[in-house]
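# Examining the three-dimensional arrangement
Listed below, chain by chain, are the residues.
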Amino acid sequence: MNLTALVSFAVLVTGCIVASIVLYRNKDLPSRMLSFSLFTLNYAVLLIFLFESRYIFYVPFLFRTAPLFYYLMVPSFYLYLVFVLKSASSFAGQMPCIFYQVLSTLLILHLCF
């Protein structure tokens, strides 16, 4: 295992711990959006680890799921920032972003599977 794979594994473990702490400590909507964003970012790091360590040959089906999580990463971070800055607890003002998130998820699922 090379240094890049080792560092990406350490980032993956640390990110999962941080995302879990954020999810279980706070139950409000912005914290859940932050936790979801961190989990999508951790999934990207997981794929980097699998690619660098050559373990991707054992689980090649995970490589197809990368675009789905890449497309979910940016809107979820955006929603987190909007919820924190506006202190909004409803989805009324964020409908275009949620609409984009749902449509891109359906499109990527249709293309991948």
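So, a few notes on the structure that sits alongside this text. (Residues numbered from 1 in each chain as written. Predicted model: local features only at pLDDT ≥ 70, side-chain atom pairs only at ≥ 80, totals over all residues. Heavy atoms only, no water.)

### Thoughts on the packing of aromatic side chains
The geometry of an aromatic ring pair comes down to the distance between the two centres and the angle between the two planes. According to the stated counting rule, one finds 4 aromatic pairs in the structure shown. Measuring from ring centre to ring centre gives 5.2 Å for F9 and F49, while their planes differ by 45 degrees; the resulting arrangement is tilted. You can see F9 sitting in helix α1 (residues 3-25) and its partner F49 sitting in helix α2 (residues 29-52), a full 40 residues away along the chain. Residue classification places F9 among the partly exposed positions, given a relative accessible area of 39%. For the ring pair Y43 and F69, a centre distance of 4.3 Å and an interplane angle of 40 degrees mean the geometry is tilted. Here the residue Y43 occupies a position in helix α2, and F69 occupies one in helix α3 (residues 66-86), the gap between them amounting to 26 residues. With relative accessibility at 14%, the residue Y43 sits in the buried group. Assessed through its relative accessible area of 24%, F69 is described here as partly exposed. Within the aromatic cluster, the residues linked to one another by ring pairs are F9, F49, Y55 and Y58. (Phe/Tyr/Trp six-rings, centres within 6.5 Å; stacked < 30°, edge-to-face > 60°. Helix = DSSP H or I, 4+ residues; strand = E, 2+ residues; numbered from the N terminus. Buried < 20%, exposed > 50% of the residue type's maximum accessible area, 1.4 Å probe, protein only.)

That is the geometry; function is a separate question.
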